[in-house]
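Each chain is listed here by its residues.
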Amino acid sequence: MNVIIIEDEKPSARRLQRMLKALDIEAETMLHSVEESVEWFNNNEHPDLIFLDIQLSDGLSFEIFEAIDIKSAVIFTTAYDEYALQAFKLNSIDYLLKPIDDDDLATAVEKYKVRLPQKQSVTLDFNDIKNLLVNPIEREYKKRFSVKVGQHLKLINIEDIECIYSENKGTYAFTNEGRNYLLDVTLDQLEKELEPDVFFRISRKFYVNINAIKDMVSYTNSRLQIKLNGFNEQNIIVARERVKDFKTWLE
């Protein structure tokens, strides 16, 4: 499989390269700008698959498609909200939200292999996508959960939840009244439903509510430990690969 990476942040590009190598995929070519990418495509055979960041140092990566008739499958790597990606009108196999997760990467690659795509031109309406990224879709986020308590249904307002976490294959919401409630949803599904300004997924196991954070302290291996107002049943640790994004989110 001939694979290239287009990513302006060189550490991120190298990290993705290592992750692909763990899947027995060699991505020897790494490009870091629109200009560099256009020049490369003009002088090289197009790859089978491109891992493509949306925002490059000299513009949006969609400009590459305006200049070159790309004949490759594309997996986007992006920090943009997934709803913005609904506007894509092109031959994309998948997209990966940063920071990229090993399992998500493996799933995206497997999806590509299953489809065994034939090379074909990528088509898109660049202006529509650019406008959408500048003016994101207005969204309605989840306002409450309904949970079963014995024979009763109870409504829990989203602002009353300190954290949401997974444990023993279940998903639980811990509220500011000090109780845990079992939710009928997975953490992955909640990525589409929680207000990103309020809730942040600090690890594969935890979402935290910014309004419930009482303290943050340094932890081993460049991680952070979060202390919430009421939750003290276990340590809440920000995964090392998410610390940078978490600090940005706090601001």
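Residues numbered from 1 in each chain as written. Predicted model: local features only at pLDDT ≥ 70, side-chain atom pairs only at ≥ 80, totals over all residues. Heavy atoms only, no water.

K.L.:
Help me understand the packing of aromatic side chains, please; the structure alone is not making it clear to me.
P.N.:
Within a pair of aromatic rings, the relevant descriptors are the distance that separates the centres and the angle that separates the planes. Per the counting criterion, the structure on display carries 10 aromatic pairs. For the pair F200 and W249, a centre-to-centre distance of 5.1 Å together with 35° between the ring planes defines the contact as tilted. Placement of F200 in strand β13 (residues 199–201) and of W249 in helix α7 (residues 243–250) is noted, with a sequence separation of 49 residues between them. Given a relative accessible area of 14%, F200 falls into the buried group. A relative accessible area of 14% places W249 in the buried class. (Phe/Tyr/Trp six-rings, centres within 6.5 Å; stacked < 30°, edge-to-face > 60°. Helix = DSSP H or I, 4+ residues; strand = E, 2+ residues; numbered from the N terminus. Buried < 20%, exposed > 50% of the residue type's maximum accessible area, 1.4 Å probe, protein only.)

K.L.:
Help me out: how do you make sense of the sheet that holds strand β11 (residues 170–175) in this one?
P.N.:
For sheets, the rule is that strands pair by backbone hydrogen bonds, running either parallel or antiparallel. The strand order across the open sheet built from 5 strands is β12-β11-β10-β14-β13, with neighbouring strands paired in antiparallel fashion. The open sheet has two edge strands, β12 (180–183) and β13, and neither has a second partner. Going across the sheet, the axis of each strand differs from the next one's by a mean of 20°, ignoring polarity. (Pairing = 2+ DSSP bridges. Axes fitted to C-alpha atoms, helices over the stretch in contact; angles between N-to-C directions.)

K.L.:
Looking at this structure, I do not really get the sheet that holds strand β16 (residues 223–228). What am I missing?
P.N.:
What the 3 strands build is an open sheet, ordered β15-β16-β17; its pairing is antiparallel. Unpaired on one side and paired on the other, β15 (213–219) and β17 (236–238) mark the two borders of the sheet. When the angles between neighbouring strand axes are averaged without regard to direction, this sheet yields 30°. In terms of strand pairing, β15 meets β16 through 6 bridges, oriented antiparallel. Residue pairing across strands places Y219 opposite R223, the latter belonging to β16.

K.L.:
I tried to follow unusual backbone geometry on my own but got confused; where do I start?
P.N.:
A negative phi angle characterises most non-glycine residues, just as the trans form characterises most peptide bonds. A positive phi is found at N168, a non-glycine position, where the angle reads about 50°. Mapped onto the fold, N168 is located in the loop between β10 (161–167) and β11. Located in the positive-phi region is S222, a residue other than glycine, with phi close to 60°. You can see S222 is positioned in the loop between β15 and β16.

K.L.:
Sorry if this is basic, but what is going on with the nonpolar core here?
P.N.:
Generally speaking, a soluble globular protein has its nonpolar side chains buried in company with each other. Among the nonpolar cores identified, the biggest contains 19 residues, and I6, F41, L52 and I64 are the most heavily contacted of them. At the level of elements, β1 (3–6), α2 (34–43), β3 (49–53), α3 (62–67) and β6 (73–78) are the ones that each hand at least two residues to this core. Examining the composition of this core, we find that 4 residues originate from one element, α2, more than from any other. With near-sequence residues (within four places) excluded, I64 lies in contact with I6, V34, S37, V38, F41, L52, L56 and I70. (Core = buried A, V, L, I, M, F, W, Y, C linked by side-chain atoms within 4.5 Å. Contact = heavy atoms within 4.5 Å.)

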